[in-house]
Amino acid sequence: MTRFWTRLVVVLTIITGVNYITWRWLASLNWEAWWIALPLVIAETYSLIDVMLFGMTVWRLKVRKGAPPPPPDATVDVFITTYNEDIDMVMTTALAAQKIRHPHSTWILDDGNRPELKALAEEHRLGYVTRSDDWTPDLPRHAKAGNLNNALMQTHGEFLLILDADQIPEPDILEKTLGYFNNRRVALVQTPQYFSNVPADDPLGSQAPLFYGPIQQGKDGWNAAFFCGSNAILRREALMQLGLAGYVKETEKSIRRALAASQAAIRKARKSADMDTPLVAEVLDEVEAATRHAQDELEAGQPLSEITYRVRRRVDAAVQTLVQADVEALQADLEEIAAMELAYVGEAGVPVVADDAVQRMSRRDWSPLGALESVQAVLDALSVERNDEAQPVMPLATISVTEDMATAMRMHAMGWQSVYHHEILAYGLAPEDLKTMLTQRLRWAQGTIQVLLRENPLVQKGLKIGQRLMYFATMWTYLSGYAAVVYFAAPIIYLLLGILPVTSLSWDFFVRFIPFMVVNQILFAVAGRGIPTWRGQQYSLALFPTWIKACSTAAKNVWFGRPLGFAVTPKARQSGGPSWSLIRPQIVVSVLLAVAAVVGIIRLATGLAEPLGTLVNVAWVIFDLVVMSVLVRAVLYKGYDAAAETAVAEKES
Amino acid sequence: MEFSYEVRDSFAEVRAEGRLNMVSAPKLREFVTDVIAGGSNRIVVNLEKTAFMDSSGLGALIGCLKAARQSGGDLRIAAVQPQVKMVLQLTSMDKVLTAYDSAEEAFSND
């Protein structure tokens, strides 16, 4: 029944929304003020697409009735990932994980490499994993994805339960979820992330009831529920398959790139090296022939390992000839010196360079070919060892700081299925101060935009159209910062300057706009089934500087290789008083909004402005200010006070 | 690779900075030949700033030794870095060329 009403409201939203936006584009634009008229209609179109994607999500909302009993022999590794979190917190989670009822092994994945934690793990018979020796300091560590990838190589459970250091699991978390894997195509079961240290009014918007509810349930209906980093169970087989596919893809890509660059590199080397030495020219000829041959073999679909091995063998032989020639020349020189009898050459006469020395001098690190850097770089890249990574197989995606979403998308593209199990089975700790919360939101947004720019879901092979749009919907919401700026600017511009982005605020406008707005709000109410969504709506507008920063830094990172300025979210509260400086842009905007409202009313009183326009825009300002007001509470929030919360709850009951 | 030289009281000191490899080896040979032609036949190659040497570099060094001997002088090396020392040991060239600690020491006994 709810499904019928949800779908009805979705249809009504789309009809009224498309009707309104079409009219806006075709008949309402005030071209004289195009500089605000266009941004506003684009922002409104953005919002319509956003709400249409939301409608599509809840269209297939899937309410699951629970999993069948789990296979009793399923082996499980429980991973608790930590970097710098409080050791007590990690141990609380680890000990709770140990008490999970289904047979399993519990592992602490300590990226902080802390001896104290190691000792505690041993004392409580918990597994303890740190990075293997393969992770040398010159190789990328890939943060949490690297931590998990490292642990995957050192464990062997069929399934993996991933928990952040603060997520205390219920003992039945596996019993309630493992049964979904009876379906051999299921690779992931995600459960909600819920925070136990958040007061009822949730000043920092930590709980995400809309996301861990209708949105994930809707995505589930499209087989697109995705991995959110914690409180999820993954099938090792699927992850390893992903890692292997990624390895083959990256290796082939790097070999193709190297071969494509080889001719230019050889040309460059011919210019730089001393071509009077015929042997050097011969070696380069040999390298060129070998790479051309490799190119042909690659086109013919020969195995990569054999292609690269043959190139290496051939080049090594040529290099050895070169070294042998050097040594022979040297030997001849020594003999001549001895023949001159001008001086004593050594205690044992003329020394002879041994064969193993020739071989050693021919090896990659001492090879004369090393002098021709461009050629050496090509030859190094013609390998299957993936020397630029600590381990060749990287099951969790490393293209983004939110490895979870990227990994899930690749799984779906390979045909795996996912499940969203809507029941709280772990209790975590949310940030308790604005600064930490902003860092966390920034990271999520950056990661999501990285995935959009690196592996745009709309063009990923293997994904169904519904899955593409479900991933895209999440990414689309993170572009809201730009729309928010326009929504703040438009009423300010009208109230201060009297410039209206629409031709007139007439019956035509209201008859189209109001139904859309009303149906839109009904949609959230029906789809949300009474869950509080207002906090989320406030933050999606009020955190506009964070969203914009995320988009610009992620774009610079993906396109120009700049660092993201990435920080691990601290789990402990940051000390210090209220930090108003964190929301400076929002304060400036709020002051401008308030000033604009006052000026607008004065302009109305002096007959400079119309009553209707002023009324609509003042109402708009009030709405914007109410949205922003959440930040005041966020700045003043002093952290979670468990005793006070219990008292309030008791009083209410 | 950069080369420079300085005529000292009893020898000429050649300094080689960088990597003595296939590309730079012929240049060393040329450079030392010129120094010899300029009248110095007692040469010390100061390898303090030579971080790396391959078989071509080693060949060039012996070629220079030959040239110095042919003109009635000698060539010695000084201040070798670890990798160069390994190359010399591995090829037993350390039996031919003694690596002196400094350029001054190289000809100090004769």
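**Quick look at the interface of chain B and chain A**
A common way to express how large an interface is: the accessible area buried when the components associate. Each side of the interface is counted separately: chain B has 26 residues, and chain A has 30 residues. For the pair chain B and chain A, the summed buried area comes to about 2500 Å², and 72% of that belongs to carbon and sulfur atoms. By the criterion of area lost to chain A, the three top residues of chain B are Met22(B), Ser55(B) and Arg69(B), representing 27% of everything that side buries. The interface formed by chain B and chain A contains two salt bridges. When the shortest N-O distance is used, the salt bridge between Glu336(A) and Lys66(B) registers 3.2 Å. Going through the elements one at a time, α1 (25–37), α2 (55–70) and α3 (82–90) of chain B are the ones with two or more residues in the side of chain B that touches chain A. Here the side of chain B that touches chain A takes ten residues from α2(B), the largest share from any one element.

**Topic: a nonpolar patch on the surface**
Residues and elements named next belong to chain A. Among the surface-exposed residues, Trp-31, Trp-34, Trp-35, Leu-496, Leu-497, Trp-580, Ile-587, Val-591, Val-595, Val-632 and Leu-636 lie close enough to one another that they form a single nonpolar patch of about 1000 Å² accessible area. Listed by contribution, the elements that provide at least two residues to the nonpolar patch are α2 (34–59), α15 (480–497), α19 (584–605) and α20 (611–636). The greatest single-element share of the nonpolar patch, amounting to three residues, is contributed by α19. Locating Trp-31 in the fold gives a position in the loop between α1 (2–28) and α2. Its relative accessible area of 52% is what places Trp-31 among the exposed residues.

**Focus on the domain arrangement of chain A**
Considered domain by domain, chain A is made up of domain 1 (2–57 + 475–652), domain 2 (76–244 + 392–454) and domain 3 (248–379). The C-alpha-based centres of domain 1 of chain A and domain 3 of chain A are spaced at 64 Å.

**What to know about the environment of Pro392(A)**
All names here are of chain A. Tracing the backbone through its elements, the reader meets Pro-392 in the loop between α11 (373–381) and α12 (403–413). Between the alpha carbons of Pro-392 and Gly-246 there is a distance of 9.2 Å; along the sequence they are 146 residues apart. Aside from chain neighbours lying at most four places away, what touches Pro-392 is Tyr-247, Glu-385 and Arg-386.

**Structural notes on the pairing of strand β4 (residues 159–164) of chain A**
Residue and element names in this part refer to chain A. Among the six residues in β4, six count as buried, and that is most of the element. Every second residue of β4 is oriented toward a common face, with Phe-159, Leu-161 and Leu-163 on one face and Leu-160, Ile-162 and Asp-164 on the other, all of them buried. Direction of pairing for strand β1 (residues 76–82) relative to β4: parallel, over a ladder of six bridges. Residue pairing for β4: Val-76 is matched across the bridge by Phe-159. Relative to strand β8 (residues 232–235), β4 runs antiparallel, the two sharing four bridges. The partner of Leu-160 across the bridge, within β8, is Leu-234.

**Digging into the pattern of salt bridges**
Residues and elements named next belong to chain B. Evaluated as defined, the whole model comprises 30 salt bridges over all chains. In this structure, Arg-15 and Glu-6 form a salt bridge, with 3.2 Å as the shortest nitrogen-oxygen distance. Classification of Glu-6 by relative accessible area gives partly exposed; the value is 36%. Sharing partners across several salt bridges, the network here consists of Glu-6, Arg-8, Glu-13, Arg-15 and Glu-104.

**Re the packing of α1(B) against α2(B)**
All names here are of chain B. Contact pair α1 / α2: the axes reach a minimum separation of 8 Å and the direction vectors enclose 15°. Regarding the angle of α1 to α2, the classification is roughly parallel. The handedness of the crossing between α1 and α2 comes out as right-handed. Where α1 approaches α2, its residues Ala-25, Leu-28, Arg-29, Val-32 and Ile-36 are matched on the opposing element by Ser-56, Gly-57, Gly-59, Ala-60, Leu-61, Gly-63, Cys-64, Ala-67 and Ala-68. Its residues placed into classes, the contact of α1 with α2 shows nine nonpolar, four polar and one charged.

**Some details on the nonpolar core**
The biggest cluster of nonpolar side chains holds 109 residues, and the ones touching the most others in it are Phe54(A), Phe79(A), Phe227(A), Met411(A), Leu434(A), Tyr539(A) and Leu631(A). Take this core: its biggest share by element is ten residues, from α15(A). Counting only domains with at least three residues in this core, you end up with domain 1 (2–57 + 475–652) and domain 2 (76–244 + 392–454) of chain A. Phe54(A) has contacts with Leu210(A), Ile215(A), Leu523(A), Phe524(A) and Ala527(A), leaving out every residue within four places of it along the chain. Judged by nonpolar contacts, the second largest core, of 71 residues, contains Leu259(A), Leu284(A), Ala25(B) and Phe52(B).

**Examining the confidence of the model for chain B**
In regions of low pLDDT, the predicted coordinates are not meant to be interpreted in detail. Residues with a pLDDT of 70 or more make up 100% of chain B, whose mean pLDDT is 89. For this predicted complex, the interface confidence reaches an ipTM of 0.79, while the overall pTM sits at 0.81.

**Brief notes about the sheet that holds strand β10 (residues 426–428) of chain A**
With mixed pairing, three strands are arranged side by side in an open sheet as β5-β10-β7 (chain A). Strands with a single pairing partner mark the edges of an open sheet, and in this sheet they are β5 (168–169) and β7 (194–195) of chain A.

**A closer look at the packing of aromatic side chains**
Residue and element names in this part refer to chain A. Across all of its chains, the model carries 22 aromatic pairs over all chains by this definition. Their ring planes at 35° and their centres at 5.5 Å tell us that Phe-472 and Trp-476 sit as a pair that is tilted. Separated by four residues within a single helix, Phe-472 and Trp-476 lie in helix α14 (residues 465–477), roughly one turn from each other. With respect to class, Phe-472 is no different from Trp-476; both count as buried. Note on Tyr-478 and Trp-547: the rings are 5.5 Å apart at their centroids and 75° apart in plane angle, and the pair reads as edge-to-face. Residue Tyr-478 is found in the loop between α14 and α15, and its partner Trp-547 is found in helix α18 (residues 544–560); the two are separated by 69 residues along the sequence. Trp-547 carries the same exposure label as Tyr-478, and that label is buried. Taken together, the ring pairs connect Tyr-20, Trp-23, Phe-509, Phe-510, Phe-513 and Phe-516 into an aromatic cluster. The ring centre of Trp-135 lies 4.4 Å from the NZ or CZ of Arg-131, which sits over that ring.

Conventions and cut-offs
- Residues numbered from 1 in each chain as written.
- Chains lettered and ligands numbered in written order.
- Predicted model: local features only at pLDDT ≥ 70, side-chain atom pairs only at ≥ 80, totals over all residues.
- Heavy atoms only, no water.
- Contact = heavy atoms within 4.5 Å.
- Buried area = accessible area lost by both parts, 1.4 Å probe.
- Salt bridge = Lys/Arg side-chain N within 4 Å of Asp/Glu carboxyl O.
- Helix = DSSP H or I, 4+ residues; strand = E, 2+ residues; numbered from the N terminus.
- Patch = residues over 30% accessible without salt bridge, like charges linked within 9 Å, V, L, I, M, F, W, Y side chains within 5 Å.
- Areas by Shrake-Rupley, 256 points an atom, 1.4 Å probe, with all protein chains shown as cover.
- Buried < 20%, exposed > 50% of the residue type's maximum accessible area, 1.4 Å probe, protein only.
- Domains from an automatic or database assignment.
- Pairing = 2+ DSSP bridges.
- Axes fitted to C-alpha atoms, helices over the stretch in contact; angles between N-to-C directions.
- Parallel < 35°, antiparallel > 145°, perpendicular 65-115°, else oblique.
- Left-handed = near helix turned anticlockwise from the far one by under 90°.
- Nonpolar A, V, L, I, M, F, W, Y, C, P; charged D, E, K, R; others polar.
- Core = buried A, V, L, I, M, F, W, Y, C linked by side-chain atoms within 4.5 Å.
- pLDDT = per-residue confidence, 0-100.
- Phe/Tyr/Trp six-rings, centres within 6.5 Å; stacked < 30°, edge-to-face > 60°.
- Lys NZ or Arg CZ within 6 Å of the ring centre and 35° of its normal.

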